Amino acid sequence: LTSGGALAILILLLFLMDWRPTLIVAVSIPVSVVVAFVCMYFSGITLNVMSLSGLALGVGMLVDNSIVTIENIYRLRNEENMPILHACILGVQQVGGSLFSSTLTTICVFLPIVFLQGMTRQLFQDIALTIAFSLLASLLVALTLVPAMGAKLLKKRSRSRHPILTLVQKCYCAILKG
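Quick notes on the rules
- Residues numbered from 1 in each chain as written.
- Predicted model: local features only at pLDDT ≥ 70, side-chain atom pairs only at ≥ 80, totals over all residues.
- Heavy atoms only, no water.
- Helix = DSSP H or I, 4+ residues; strand = E, 2+ residues; numbered from the N terminus.
- Expected span 1.5 Å × (residues − 1).
- Bend = angle between axes of the 7 residues up to and from the residue.
- Core = buried A, V, L, I, M, F, W, Y, C linked by side-chain atoms within 4.5 Å.
- Buried < 20%, exposed > 50% of the residue type's maximum accessible area, 1.4 Å probe, protein only.
- Contact = heavy atoms within 4.5 Å.
- Axes fitted to C-alpha atoms, helices over the stretch in contact; angles between N-to-C directions.
- Parallel < 35°, antiparallel > 145°, perpendicular 65-115°, else oblique.
- Left-handed = near helix turned anticlockwise from the far one by under 90°.
- Nonpolar A, V, L, I, M, F, W, Y, C, P; charged D, E, K, R; others polar.
- Polar contact = N/O pair within 3.5 Å; in protein donor to acceptor, adjacent residues only side chain to side chain.
- Patch = residues over 30% accessible without salt bridge, like charges linked within 9 Å, V, L, I, M, F, W, Y side chains within 5 Å.
- Areas by Shrake-Rupley, 256 points an atom, 1.4 Å probe, with all protein chains shown as cover.
- Salt bridge = Lys/Arg side-chain N within 4 Å of Asp/Glu carboxyl O.

K.L.:
Got a minute to help me understand helix H3 (residues 49-78) in this structure?
P.N.:
Helical geometry note: an α-helix holds 3.6 residues per turn, so side chains three or four residues apart project in the same direction. An ideal rise of 1.5 Å per residue puts 44 Å on 30 residues; H3 measures up with 43 Å between its terminal C-alpha atoms. A bend of about 30° at Val59 is the largest found in H3.

Here is the structure:
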């Protein structure tokens, strides 16, 4: 669980080359996990192999919502030269619907397990509910905490670009143009 989150943070730092948005995502991961634990507690789900495997699977997916949100805010701030508060509000508005629909789509894949009967339900109910809780927690954090932290931490514009990604982007644009 921790090593997966640490690797996600390291990859994000490698691609963004800025510690501020990386810190925001790094904070959003444990907050989402704590919210998922609270939901698990009130649903009567205990910490067992199945619920923890659902949480481990959820950590890989829950970081996606925060990354999409912070990257859009970061783009609006640095490439569109928007004031930080406007970039945070507009950034969340632009990706909010997509985040909501993609999160619900993933939850819809796992949620029917709850309605099964017998031994299958007993085995897989904890994993399905834990994934649903962690994804809903990540959506909540991505739409609230991430822009709030972005408004404070992304006040300074960053001009650093990743040279490899810039080269890939130029080649991709050249291929698209024909």
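K.L.:
Before we go on, may I ask you to explain the nonpolar core in this structure?
P.N.:
The nonpolar side chains of a soluble globular protein tend to be buried, and buried together. In terms of nonpolar packing, the biggest core is built from 22 residues, with Ile24, Val25, Ile70, Ile73 and Leu154 touching the most fellow members. When contributions to this core are tallied by element, the ones reaching two or more residues are helix H1 (2-16), helix H2 (19-43), H3, helix H4 (84-110) and helix H6 (145-153). In this structure, Ile24 is in contact with Ile70, Val146, Met149, Gly150, Leu153 and Leu154, ignoring residues within four places of it in sequence. Core analysis: the second largest hydrophobic core is formed by six residues, Val114, Ala128, Leu129 and Phe133 among them.

K.L.:
So what exactly am I meant to see when it comes to the packing of H2 against helix H5 (residues 118-143) here?
P.N.:
To characterise two packed helices, one gives the angle between the axes of the helices and the distance between these axes. Packing of H2 against H5 leaves a shortest axis separation of 8 Å and a crossing angle of 135°. Judged on the interaxial angle alone, H5 and H2 are oblique. Relative to H5, H2 is oriented so that their crossing is right-handed. Listed contacts from H5 to Ser28, Val31, Ser32, Val35, Ala36, Cys39, Met40 and Ser43 of H2 are Thr130, Phe133, Ser134, Ala137, Ser138 and Val141. By residue class, the composition of the contact of H2 with H5 is eight nonpolar, six polar and no charged.

K.L.:
I would appreciate a short explanation of the side chain of Asp18 in the present structure.
P.N.:
Position of Asp18 among the secondary structure elements: in the loop between H1 and H2. A distance of 2.7 Å separates polar atoms of two side chains, one belonging to Asp18 and the other to Arg20. Of note is the side chain of Asp18, whose polar atom sits 3.3 Å from the side chain of Tyr74.

K.L.:
Just to check I follow, could you spell out H2 for this structure?
P.N.:
Relative to the 36 Å expected for 25 residues at 1.5 Å per residue, H2 spans 36 Å between its end C-alpha atoms, a close match to the ideal helical length. Within H2, burial applies to Arg20, Pro21, Thr22, Ile24, Val25, Ser28, Ile29, Ser32, Val33, Ala36 and Met40. Trailing H2 by a residue or two, Gly44 shows a phi angle of about 80°, which is positive.

K.L.:
I'm lost on a nonpolar patch on the surface in this one. Help?
P.N.:
A cluster of nonpolar side chains, Ile11, Leu14, Phe15 and Leu165, forms an exposed patch at the surface whose accessible area comes to about 350 Å². Sorting elements by how many residues they give to the nonpolar patch places H1 first, with three residues. Within the secondary structure, Leu165 sits in helix H7 (residues 163-177).

So yeah, pure geometry; function would need other evidence.
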